[in-house]
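# What the coordinates show
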Amino acid sequence: QLQACGGGLVQAGGSLRLSCAASGSIGSVIFNTMGWYRQAPGKQRELVAAITRGGTTNYADSVKGRFTISRDNAKNTVSLRMNSLKPEDTAVYYCYAEVSSILTSNSWRYWGQGTQVTVSS
């Protein structure tokens, strides 16, 4: 239900912008918090950044000051601008969205398919 794009190979110090958009039948849900996780080889998945529907943001300490998360509520999209990239930022990045049904009180999470970010030294 989420499509992520924008990953790639970049040199240390460079920038990338990841984007994630909802697809399919989403008319009956509300997109609440959206964000990005990442998982490096041999490591657990970690939260990189999140943004609430109202625009409140949260960042991992390791990316504060370098990454910026934003969203478009009308289009149900979330983006991650990554500056001053470091080799340790290399990982597969996954977008997610916490959604709730307009018709019921149910809530669940959508995940994107993951996009590879590789930062060379």
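Whatever comes next refers back to the structure up there.
Residues numbered from 1 in each chain as written. Predicted model: local features only at pLDDT ≥ 70, side-chain atom pairs only at ≥ 80, totals over all residues. Heavy atoms only, no water.

We now examine the overall build of the protein chain. The number of helices and strands found in the protein chain is 0 helices and 11 strands. A compact globule built from 121 residues should have a C-alpha radius of gyration of about 14 Å, and the protein chain, at 14 Å, falls within 12% of that. The dimensions of the protein chain, computed from C-alpha atoms along their principal axes, are 50 × 25 × 25 Å. Evaluated residue by residue, the protein chain yields a buried proportion of 42% over its 121 residues. When contacts within the protein chain are restricted to residue pairs at least 6 apart in sequence, long-range pairs at least 24 apart make up 56% of them. Surface summary for the protein chain: the accessible area is close to 6,300 Å², and the carbon and sulfur share equals 47%. Between the averaged position of the 12 positive side-chain charges in the protein chain and that of its 6 negative side-chain charges there is a distance of 4 Å. (Helix = DSSP H or I, 4+ residues; strand = E, 2+ residues; numbered from the N terminus. Rg over C-alpha atoms; globule rule 2.2 N^0.38 Å. Buried < 20%, exposed > 50% of the residue type's maximum accessible area, 1.4 Å probe, protein only. Contact = heavy atoms within 4.5 Å. Areas by Shrake-Rupley, 256 points an atom, 1.4 Å probe, with all protein chains shown as cover. Lys, Arg positive; Asp, Glu negative; His and termini not counted. Charge placed at Lys NZ, Arg CZ, Asp CG, Glu CD.)

Ranked by size, the top nonpolar core spans 33 residues in total, and within it Phe31, Trp36, Leu80, Met82 and Tyr93 carry the most contacts. The leading source of residues in this core is strand S9 (residues 91–101), at 5 residues. (Core = buried A, V, L, I, M, F, W, Y, C linked by side-chain atoms within 4.5 Å.)

Before going further, it helps to spend a moment on the state of the cysteines. Here, the word disulfide means a covalent bond between the sulfur atoms of two cysteines. Tallying each qualifying case throughout the model produces 1 disulfide. The thiol sulfur of cysteine 5 is not disulfide-bonded, and the nearest other cysteine sulfur, from cysteine 20, lies at 8.3 Å. Accessibility expressed as a relative area gives 46% for cysteine 5, which makes it partly exposed. (Disulfide = S-S within 2.5 Å.)

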